[in-house]
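Residue-level structure breakdown
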Amino acid sequence: MNHLDPVRHVRGESQYVDDIPTQRGTLYAAVFESPRAHGRLLSLDFAAALEQPGVVRILTAADIPGENQIGGIVPDEPLLAQGHVHFRGQPVALVLAESEHQAQAALSFITAEIEPLPIITDPRVAAAQGELIVPPRTFRLGDAAATWSQCTHVFEGVAESGGQEHLYIETQGAYAYPTEMGGVRIISSTQGPTALQRHTARVLGIGMHQIEVDVTRLGGGFGGKEDQATPWGALAALGAFVVRRPVKLILDRMADMRMTGKRHPYSSDFRIGLDADLRILAYEVTFYQNAGAAADLSPAVLERTLFHATNAYFIPNVTATAYSCRTNLPPNTAFRGFGGPQGMFVMESAIVKAAEALGVAASEIQRRNLLREGDLFPYRQPAEMCNARLAWDTADRIYDLANSRAAVAAFNETSEQFKKGLSVMPICFGISFTKTPMNQARALVHIYTDGTVGVSTGAVEMGQGVNTKIAQVAARTLGIGVHRIKVESTNTTRVANTSPSAASATADLNGKATQMACAALRERLLRHACTEYTLNYEGLEISNEQVLAAGVVADTNWEKLVSSAYWKRVSLTENAHYATPHLHFDPVTNQGHPFAYHVYGTAYTTVTVDCLRGTYAFDAVQIVHDFGESMNPAIDQGQIEGGAVQGIGWMTLEELIYNDEGRLLTNSLNSYKIPDLYSVPQQMPVHFLATPGHPQAILRSKAVGEPPLMYGIGAYFAVRDAIRAFRPGHEIAFSAPITPEKVLLNLYPNAVAAPAGPVVVSAEA
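First things first, this report covers the structure right here in the doc. (Residues numbered from 1 in each chain as written. Predicted model: local features only at pLDDT ≥ 70, side-chain atom pairs only at ≥ 80, totals over all residues. Heavy atoms only, no water.)

As for the overall build of the chain
Looking only at helices and strands, the chain features 18 helices and 30 strands. For a compact globule of 765 residues, the expected C-alpha radius of gyration is about 27 Å, and the chain comes in at 27 Å, within 12% of that figure. Across its three principal directions, the C-alpha atoms of the chain cover 80 × 75 × 50 Å. Sorting the 765 residues of the chain into buried and exposed places 61% on the buried side. In the chain, of all internal contacts separated by at least 6 residues, the share reaching a separation of at least 24 is 79%. Taken as a whole, the chain presents about 28300 Å² of accessible surface, with 52% of it coming from carbon and sulfur. Counting 60 positive and 75 negative side-chain charges, the chain places the averaged centre of each group 3 Å from the other. (Helix = DSSP H or I, 4+ residues; strand = E, 2+ residues; numbered from the N terminus. Rg over C-alpha atoms; globule rule 2.2 N^0.38 Å. Buried < 20%, exposed > 50% of the residue type's maximum accessible area, 1.4 Å probe, protein only. Contact = heavy atoms within 4.5 Å. Areas by Shrake-Rupley, 256 points an atom, 1.4 Å probe, with all protein chains shown as cover. Lys, Arg positive; Asp, Glu negative; His and termini not counted. Charge placed at Lys NZ, Arg CZ, Asp CG, Glu CD.)

Structure below.
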């Protein structure tokens, strides 16, 4: 079955926030943002702005009727700046005008007097000054400190990974309008409707029952709309609540890039110890996370970095410590992988560091240390239904690592200008929210008297195909055609207290709830059929919209059965609640069973580098992936391909540059480069690993949203491999993204010294 939405997309029928017909009297909002990254807000003068044509009202923190706070994990983020500003682009005031042009024009007439304070952009500087979002966290397994003396080889180094702009097609936005009895309805581009509802109620000083949030679909999210959609929805709601008129707030692309947080940059130290047989005996790593000016989701992202610090390997002695560092940049946030990729990049860097020093292929160290059944992760959960080695061996059988490496070597032997590189990237990614209470979902299912079905869940469709999968679950469970199923918009009034659509858990949680509700309805209808048609319940089923008794067609079908049930006053509505079983984690001891299951895979990445220009093209990314029993191979393969390319972009092209005044320099698509058609590998075969799936995955079809991004990490190491083919023995800093400029500097290190870490540009630039 194909994705349900693309036909509507290409016809222009799909409706996003900015497509909603506006109500009469709608006002348009524009945000006055802080021009400084850090300082005391001494005064704000908007008298001249109020005199501009069309301006109705300008709101500041003083106009907030409730609490000026939208911080979730840590209450450290005001909706509108009050007393201080902490990053360049922080919302300070909200202009409401009769047109979008008038609202934007009025911004230039607002002036803010800000007393400058010291600006921090480097997480290591923040850590040294004690500027931490939360206390540091450490995961331990065994005793790494006592093991170094037993290691034959010990290596240490530094790894840097940059941020990444979400660059969803639909920018942040919301449309809010007042409702009866003092409430507000918000149509929002958010992955977390309940979070927006909760924070807006707090800001307005009213109950959550007075706030309705509705989401039809998003034009992309990638984590950037999990928490970071909240300020724009809350600001629109604030305007609608105070002025009692509808308010629309849609950010333009440059404002979105300037004012929102990104994937967290990390600066990390590692130490790795191996025995004579290349077994990793000990691993120590310290992560410095650049959280930005407020917590947002940084503590949770940091925790997942620790969960994935050892990737797909068993290491008996591990000490992993992480610092969430407060800097004067926009609060960084969730991004596909949620901290996992940053941790895995450091692990792979440590292995490559050891391999290069020992003169062996990194794949030899990788292969010898892959997880086996029952091995412990650093958080003490055992690897169950572990497919790490199966994925590796299957990739070797299909794509032939030895021959692939020989072909690369043969090419490099005869080519001077062009060099090829090859890397192997195994992955292991845990599926669940690591905060156990978030692993719950509800579904509300109505069967209408004509046999059609409406399904409401907490899942948000953002291009990943979750609505298609939910429709499949409902149709399969009820025994009817998908054409009868409508998946409704995500609405906090119909389905309350939802977790965000994130953590690759959306289809599992909401699909399981849908399955439970539909199973209850099916059983109710079949019980009714027993009495109405004197059939034996044992062996009774619904298949292809026909009632079957012991496999024999009965004298009724789906529509007749539904109609009969209605006239007999049988309930055709069901609400179900699903909570993932067996999950637990103690954040004090940092031990437990936080994941329902793990996803495994292996990818070979081959690249050709032009050693004259520093440019490169990816010949192939050959993937073996653990889908379980995929319920929708077309959607799942699309997720693998898209995720891998997004990971390639993070590792090779997408360089975020802030100057030392906290201003984003790569603030448009002229200066920030994302993968285009020409960046996509020439070949990207995806092999579906033959496994039985996992019982906690919906219909045993494993989650597929985040894991494929980690295949993109292999792109970095393939490019690095090609550089070393041209410049044998050259020491290359582990600094991602490895852009064409960095490639060129490493190809010719004696011409200009290559930077060791992230680029920092002076304010004068």
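Regarding the sheet that holds strand β4 (residues 84-85)
If you walk across this open sheet you meet the three strands as β4-β2-β6, and the pairing is antiparallel. Of all strands in the sheet, those bounded by a partner on one side alone are β4 and β6 (111-116). Bridging between strand β2 (residues 39-45) and β4 involves two bridges; their strand directions are antiparallel. Its bridge partner being in β4, G39 is matched across the sheet by V85. (Pairing = 2+ DSSP bridges.)

A closer look at unusual backbone geometry
Look at the link from A736 to P737: it is a cis peptide, with omega at 10°. Of note, P737 is situated in the loop between β30 (734-736) and α18 (740-747). Its identity is not glycine, yet L167 carries a phi of approximately 45°, on the positive side. Along the chain, the position of L167 falls in the loop between β8 (153-161) and β9 (173-178).

Things to note about the packing of aromatic side chains
Per the stated rule, a full pass over the model turns up 19 aromatic pairs. Measuring from ring centre to ring centre gives 5.2 Å for F139 and F307, while their planes differ by 75°; the resulting arrangement is edge-to-face. Of the two residues, F139 sits in strand β7 (residues 137-141) while F307 sits in helix α8 (residues 298-307), which places them 168 residues apart along the sequence. The residues F139 and F307 share a single accessibility class, namely buried. Ring centres of F139 and F585 lie 6.1 Å apart, and the angle between their planes is 45°; this geometry places the pair in the tilted category. (Phe/Tyr/Trp six-rings, centres within 6.5 Å; stacked < 30°, edge-to-face > 60°.)

Observations concerning the pattern of salt bridges
Opposite charge on two side chains permits them to pair, given that their charged atoms come into close proximity. Applying the stated criterion across every chain yields a total of 30 salt bridges. The residue E488 makes a salt bridge to K486 at a minimum N-O spacing of 3.2 Å. In this structure K486 comes out as exposed when scored by relative accessible area, which is 52%. One salt-bridge network, held together by shared partners, links D5, R8 and R217. (Salt bridge = Lys/Arg side-chain N within 4 Å of Asp/Glu carboxyl O.)

Things to note about the environment of Y678
Inspection of the secondary structure assignment puts Y678 in the loop between α16 (633-652) and β29 (686-688). By relative accessible area, Y678 is classed as exposed at 73%. For the pair Y678 and F618, spaced 60 residues apart in the sequence, the C-alpha separation amounts to 9.2 Å.

Points about the packing of α16 against helix α17 (residues 713-726)
The N-to-C vectors of α16 and α17 enclose an angle of 50°; their axes lie 7 Å apart at closest approach. Here α16 lies oblique to α17, going by the angle between them. Crossing hand, α16 versus α17: right-handed. Only I713, A715 and Y716 of α17 make contact with α16, whose side of the interface consists of I648, W650, M651 and T652. For the contact of α16 with α17, the residue count by class is six nonpolar, one polar and no charged. (Axes fitted to C-alpha atoms, helices over the stretch in contact; angles between N-to-C directions. Parallel < 35°, antiparallel > 145°, perpendicular 65-115°, else oblique. Left-handed = near helix turned anticlockwise from the far one by under 90°. Nonpolar A, V, L, I, M, F, W, Y, C, P; charged D, E, K, R; others polar.)

Re the sheet that holds strand β16 (residues 418-431)
Here we have four strands laid out as an open sheet, ordered β16-β27-β28-β29, and mixed in their pairing. In the strand order of this sheet, the two ends are held by β16 and β29, each with one partner. Shown here is a sheet whose adjacent strand axes are inclined to one another by a mean of 15°, direction ignored. Pairing of strand β27 (residues 597-610) with strand β28 (residues 616-625) involves nine bridges; the strand directions are antiparallel.

A word on the nonpolar core
Among the nonpolar cores identified, the biggest contains 105 residues, and I272, Y283, V609, I623, I713 and V719 are the most heavily contacted of them. Take this core: its biggest share by element is nine residues, from helix α9 (residues 340-358). With residues up to four places along the chain from it excluded, the contact list for V609 reads Q417, F418, K419, T615, Y616, V719, A722, V743 and L747. Listed in part, the 39 residues of the second largest apolar core include L27, L59, L94 and A237. (Core = buried A, V, L, I, M, F, W, Y, C linked by side-chain atoms within 4.5 Å.)

Section: α16
In an α-helix, one turn spans 3.6 residues; hence positions three or four apart end up facing the same way. Its 20 residues place the ends of α16 28 Å apart at the C-alpha level, agreeing with the 28 Å of an ideal helix rising 1.5 Å per residue. Of all 20 residues that make up α16, 14 are buried, and the element is covered over most of its length. (Expected span 1.5 Å × (residues − 1).)

Remarks on the environment of V247
In this structure, V247 sits in strand β12 (residues 247-250). On the accessibility criterion, V247 (0% relative accessible area) is buried. Residues within four places of V247 in sequence aside, it is in contact with L27, A29, L96, A174, Y175, A176, A236, G239 and A240.

Observations concerning α8
The element α8 is largely enclosed, with a buried count of ten among its ten residues. Within the span of α8, buried status applies to S298, P299, A300, V301, L302, E303, R304, T305, L306 and F307.

Here we look at the pairing of strand β23 (residues 552-557)
Of the pairings in the sheet, the one linking strand β22 (residues 546-549) to β23 comprises three bridges and is antiparallel in character. Counterpart to Q546 in the pairing with β23 is N557. In this antiparallel pair of consecutive strands, β22 and β23, the connection spans two residues, and A550 shows a positive phi of 55°.

Topic: the side chain of D275
You can see D275 is positioned in the loop between β13 (266-274) and β14 (280-292). Of the side chains with opposite charge, R279 lies nearest to the buried D275, which makes no salt bridge, at 5.5 Å. In this structure the side chain of D275 is engaged in a polar contact, spanning 2.8 Å, whose partner is the backbone nitrogen of R279. Residues in contact with D275, not counting those within four places in the same chain, are T152, H153 and L281. (Polar contact = N/O pair within 3.5 Å; in protein donor to acceptor, adjacent residues only side chain to side chain.)

Some thoughts on the packing of helix α5 (residues 193-204) against helix α6 (residues 230-243)
With their axes 9 Å apart at the nearest point, α5 and α6 run at an angle of 45° to one another. Classified by the angle their axes make, α5 and α6 are oblique. α5 and α6 meet at a crossing whose hand is right-handed. Contacts between α5 and α6 involve A195, L196, H199, T200 and L204 from the former and T230, G233, A234, A237, L238 and F241 from the latter.

Some points on the pairing of strand β17 (residues 440-447)
Burial runs high along β17: six of the eight residues are buried. Direction of pairing for β17 relative to strand β24 (residues 573-579): antiparallel, over a ladder of seven bridges. Within β24, the position partnered with R442 by the bridge is H577. By the bridge criterion, five bridges tie β17 to strand β18 (residues 453-457) in an arrangement that is antiparallel. Directly across from L444, in β18, lies its bridge partner S456. In this structure, the hairpin formed by β17 and β18 is closed by a connection of five residues, where G451 is found at a positive phi of approximately 95°.

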